[in-house]
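Survey of secondary and tertiary structure
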Amino acid sequence: MSAKARSADVLGEAMREIAHGALAAAAIGLFVNLLYLAVPFYTMQVYNRVITSRSYETLAFLTVLTIGILLFVATLDYIRSRIFAILGERMAIRLGAPVLSAAVATALRNQAGTAGQAVRDLQDLRQFVTSGPVGLPLDLSVAPLFLAVLFLLHPAYGLAGLLAAAYLGAIGVLVELLARRPAALSTEAGLRVQVEVSAAVRHAEVIEAMGMLPALARRWREAQRRSLVALGRGQRIARAAGSIAKASRMAMQVSMLATGAALVIEGAVSSGSIVAATIIMGRLLFPFEQMIEGWRTWRNALSAWARLVALLAADGEARSRTPMPASSGGLVVDRLTFVPPGGDRAVLRSLSFTLATGEALGIVGPSGAGKSTLARLIVGLWRPTAGDILLDGHNTFTWERTSFGREVGYLPQNAALLDGTVRDNIARFAEVDPAEVILAAKAAGVHELIGRLPLGYETRIGEGGSVLSA
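Read on for an overview of the structure.

What counts, and at which threshold
Residues numbered from 1 in each chain as written. Predicted model: local features only at pLDDT ≥ 70, side-chain atom pairs only at ≥ 80, totals over all residues. Heavy atoms only, no water. Helix = DSSP H or I, 4+ residues; strand = E, 2+ residues; numbered from the N terminus. Buried < 20%, exposed > 50% of the residue type's maximum accessible area, 1.4 Å probe, protein only. Polar contact = N/O pair within 3.5 Å; in protein donor to acceptor, adjacent residues only side chain to side chain. Contact = heavy atoms within 4.5 Å. Salt bridge = Lys/Arg side-chain N within 4 Å of Asp/Glu carboxyl O. Phe/Tyr/Trp six-rings, centres within 6.5 Å; stacked < 30°, edge-to-face > 60°. Pairing = 2+ DSSP bridges. Patch = residues over 30% accessible without salt bridge, like charges linked within 9 Å, V, L, I, M, F, W, Y side chains within 5 Å. Areas by Shrake-Rupley, 256 points an atom, 1.4 Å probe, with all protein chains shown as cover. Arc of directions from axis to C-beta.

**With respect to the overall build of the chain**
Tallying secondary structure elements over the chain gives 15 helices and four strands in all. By the burial criterion, 34% of the 470 residues in the chain qualify as buried.

This is how it looks when you write it as structure tokens:
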């Protein structure tokens, strides 16, 4: 299976799992909304029967029954929220490894900002699935149920509810149309700001030493200003629509009370139906009001999902998944040509050489000649544009990475040490025999040096090896 096919399969599995969980949550949501009707019906019975009959027994029975139903509703609501929480956790677990792999591949293509954004997108999606807005479409799907109940109470109630829902729905659509462009501009500008800040943090030593901070700060402020301008425009639209929606919902509930009062005067309905219809109206309009306020959350989640889909689709470099040890260690570079991503000229062209076991090769040349590029190609960080690089007769790029890393040593120009102990870094953060770690340190001539550290092999070295001497 190709890498792109595997990525599509992973995304498909995640979507199917979310869909199955959403169906279960929808079923529970339907039942919860049905049970919420207990409150308006309780109100009707109190007004129409209890007050007129002066029966304390009926009042007590209805009250206990309704409270019991509400406690059951609370339990079901909790179960529904747990379903969303579990879905969010499972989605993060299922997509975590593929997204991290794609992010690393993207960083290798000199797009570190995009790679960092991918990790944030996955966290944002998990938060979105576990929080309330994800259930909004499920709540909207139950609106016809409340409309039907209003029509059963009286057609005038139903018509008032239908007009109110249509009005708030129209406001929601209008907000989406007006705020779509500012939201897109804000997201794009925000991503650019994050990329620039990430780059500045990575190169903080150079920036400070060369006095570049004021110029970079001015550039960052300008990018931030553009992002905030677009964000503010979208937020103003959203806040105005939210205020209009809240005021409109209150006005519509007042109109429902007025409609009920007129119907009671005409003798068309009972007085208890006024309060019941008003409560049902509030429940009917609640998801429409939430839709107006929550459009931004949904748009951000959809944008994050689209970026992850694009990231995983772009990570189409096929590598073997079968671990394979090296045997002889012979290296063959055959007619190697490489054009960097986005470039139009070859850094290396038709390069060929062979190294047998035990041989060493030193490569010298001016800056920009392609020495580091060749090293990256040999260890399989980049795919050659043309030609082959073979270790033991096998392509170094397609080689399964964990087993390849056990056979090949690589020291880049900027040595990379990760936050952890000395032992963790020597063992490549894998679970290995401590004796093997000590043997490796002795072979490298650093065993005594490590022994002078505060906790020896268990000394935490800090991010980038900041605790150690340069």
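Now, onward.
**Quick look at the side chain of Thr 278**
The topology assignment puts Thr 278 in helix H10 (residues 272-314). Since its relative accessible area comes to 13%, Thr 278 is described here as buried. Reaching out from Thr 278, the side chain makes a polar contact with the backbone oxygen of Ile 274 at a distance of 2.8 Å. Once residues within four sequence positions are removed from consideration, Thr 278 is found in contact with Gln 253, Met 256 and Leu 257.

**A word on the pattern of salt bridges**
Here the structure, examined in full by the defined rule, presents three salt bridges. Salt-bridge contacts for Asp 334 lead to Arg 335; the nearest nitrogen and oxygen are separated by 3.3 Å. Using a relative accessible area of 57% as the deciding quantity, one classes Arg 335 as exposed. Of the charged contacts in the structure, one is a salt bridge between Asp 424 and Arg 423, with a shortest N-O distance of 3.7 Å.

**Concerning the packing of aromatic side chains**
Using the criterion set out here, one finds three aromatic pairs in the structure. Ring geometry for Phe 338 against Trp 382: centres 5.3 Å apart, planes inclined by 5°, an arrangement best described as stacked. Remark: Trp 382 occurs in the loop between helix H11 (371-378) and strand S3 (386-391) and Phe 338 occurs in strand S1 (residues 331-338); sequence separation between them is 44 residues. Phe 338 gets classed as buried once you look at its relative accessible area, which sits at 4%.

**Focus on the pairing of S1**
Of the pairings in the sheet, the one linking S1 to strand S2 (residues 348-355) comprises five bridges and is antiparallel in character. Each residue of the ladder has a partner; that of Val 333, found in S2, is Phe 353. Where S1 and S3 come together, five bridges link them in antiparallel fashion. When the bridges of S3 are listed, Val 332 appears paired with Leu 390.

**Overview of a nonpolar patch on the surface**
On the surface, a nonpolar cluster with roughly 350 Å² of combined accessible area is contributed by Leu 30, Phe 31, Leu 34 and Phe 72. It is helix H1 (residues 3-36) that provides the largest number of residues to the nonpolar patch, a total of three residues. Of the residues examined, Phe 72 reaches a relative accessible area of 40% and is grouped as partly exposed.

**Observations regarding the sheet that holds strand S4 (residues 394-395)**
Pairing is antiparallel in the open sheet, where four strands are placed in the order S2-S1-S3-S4. Sheet topology places S2 and S4 at the edges, where each strand pairs with a single neighbour.

**Here's the deal with helix H6 (residues 143-153)**
The complete set of buried residues in H6 reads Ala 143, Phe 146, Leu 147, Val 149 and Leu 150. End-on view of H6: buried residues confined to an arc of 160°, all on one side of the axis. Residues of H6 that are exposed and point more than 90 degrees away from the buried face comprise Pro 144 and Leu 152.

**Examining unusual backbone geometry**
Its identity as a non-glycine residue notwithstanding, Arg 335 has a phi of 50°, on the positive side. By secondary structure assignment, the location of Arg 335 is in strand S1. Phi angles above zero are rare outside glycine, and Asp 392 is one such case at about 55°. Following the sequence through the fold, Asp 392 ends up in the loop between S3 and S4.

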